[in-house]
Amino acid sequence: MSAMLLVVNLGGRRAALPATAVNSVIELAQVTPVPCAAPHVAGLAALRSRPLTVIDCSQVIGVPSCAGQRRAVVVEHQGHLYALLVDGADDIVAARDETEPLGADPGPGWEGVARGRIETVAGALLLLDVAALVAGPSLARAA
């Protein structure tokens, strides 16, 4: 059975997240800033009375943020819920093959969050690492 992936748009590029890591895709109504939070933490939000830490994925990879972006992919990581802000979430697609090494340099910021390249019915996509996105730019670049 092929792995299923959620196709997202981020920083002008299509990429994928493992569908097994995705809880839902939502539009955030309100994000409350958190004083002294890391720069990639946009704030906190709520989903069905559960707190979400909102991660600005554009900040993690070092591309300009879309002002007012409210589309988020909700994931659970180490028992906590996170809302990963993305430019868009397209579809769920099947992987055609196993994850392969990146090969060519994906560009600044992407090397720390991409686990590899994967062929899908939607074409070749970068497979994103949820843990690296949550950790933020300094830890993602060190990975």
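Details of the nonpolar core
Turning to step 1, where the next piece is worked out: One finds Val-8, Leu-17, Leu-84, Trp-110, Val-113, Leu-128 and Leu-133 to be the most contacted residues of the largest nonpolar core, which totals 24 residues.
Turning to step 2, where the next piece is worked out: Of all the elements in the fold, those that place two or more residues in this core are strand S1 (4-10), strand S2 (13-18), helix H1 (57-61), strand S6 (71-77), strand S7 (80-85), strand S10 (123-128) and helix H2 (130-135).
Turning to step 3, where the next piece is worked out: Of the residues forming this core, the biggest block, four residues, is contributed by H2.
Turning to step 4, where the next piece is worked out: Residues Ile-26, Val-31, Val-54 and Ala-72 belong to the second largest nonpolar core, which totals twelve residues.

What to know about the pairing of strand S5 (residues 50-56)
Turning to step 1, where the next piece is worked out: Where strand S4 (residues 41-47) meets S5, six bridges bridge the pair, whose relative direction is antiparallel. Bridge pairing in S5 links Leu-47 to Arg-50.
Turning to step 2, where the next piece is worked out: As judged from the four bridges shared by S5 and S7, these two strands associate in the parallel manner. By the bridge assignment, Ile-55 is partnered in S7 with Leu-84.

Some thoughts on the sheet that holds strand S9 (residues 114-120)
Turning to step 1, where the next piece is worked out: Spatially, five strands are ordered S8-S1-S2-S10-S9 in an open sheet, and the strand pairing comes out mixed. Both edges of this open sheet fall to strand S8 (88-94) and S9, since each of them pairs with a single strand only. Each strand of the sheet is rotated relative to its neighbour by a mean of 35°, with strand direction disregarded.
Turning to step 2, where the next piece is worked out: As paired elements, S1 and S2 share six bridges and run antiparallel to each other. By the bridge assignment for S2, Val-7 is matched with Ala-16.

What about the sheet that holds strand S3 (residues 22-27)?
Turning to step 1, where the next piece is worked out: One open sheet accounts for five strands, arranged S3-S6-S7-S5-S4; its pairing is mixed. Strands at the two margins of the open sheet, each flanked by one partner only, are S3 and S4. Across this sheet, the average inter-strand angle for adjacent strands is 30°, counted without regard to direction.
Turning to step 2, where the next piece is worked out: Two strands pair when backbone bridges link them, and S3 and S6 are joined in this way by five bridges, in the antiparallel orientation. In the strand pairing of S6, Ile-26 is matched with Ala-72.

A word on the side chain of His-77
Turning to step 1, where the next piece is worked out: Mapping His-77 onto the fold places it in strand S6.
Turning to step 2, where the next piece is worked out: The exposure class assigned to His-77 is buried, which follows from its relative accessible area of 18%.
Turning to step 3, where the next piece is worked out: Setting aside its immediate chain neighbours within four residues, His-77 contacts Tyr-82, Val-130, Ala-131 and Val-134.

Let's talk about the environment of Pro-108
Turning to step 1, where the next piece is worked out: For Pro-108, the position within the fold is in the loop between S8 and S9.
Turning to step 2, where the next piece is worked out: Using a relative accessible area of 71% as the deciding quantity, one classes Pro-108 as exposed.
Turning to step 3, where the next piece is worked out: Along the primary structure Pro-108 and Gly-62 are separated by 46 residues, whereas in three dimensions their C-alpha atoms are 7.6 Å apart.

Digging into the side chain of Ser-24
Turning to step 1, where the next piece is worked out: Looking at the secondary structure, you find Ser-24 in strand S3.
Turning to step 2, where the next piece is worked out: Those residues in contact with Ser-24 that lie beyond four places of it in its chain are Leu-47, Ala-72, Val-73 and Val-74.

A closer look at the confidence of the model for the protein chain
Turning to step 1, where the next piece is worked out: Chain-level statistics for the protein chain give a pLDDT mean of 88 and a share of 93% at 70 or above.
Turning to step 2, where the next piece is worked out: By mean pLDDT, helix H3 (residues 137-142) is the weakest element of the protein chain at 58, and S7 is the strongest at 96.

What counts as what
- Residues numbered from 1 in each chain as written.
- Predicted model: local features only at pLDDT ≥ 70, side-chain atom pairs only at ≥ 80, totals over all residues.
- Heavy atoms only, no water.
- Core = buried A, V, L, I, M, F, W, Y, C linked by side-chain atoms within 4.5 Å.
- Buried < 20%, exposed > 50% of the residue type's maximum accessible area, 1.4 Å probe, protein only.
- Helix = DSSP H or I, 4+ residues; strand = E, 2+ residues; numbered from the N terminus.
- Pairing = 2+ DSSP bridges.
- Axes fitted to C-alpha atoms, helices over the stretch in contact; angles between N-to-C directions.
- Contact = heavy atoms within 4.5 Å.
- pLDDT = per-residue confidence, 0-100.

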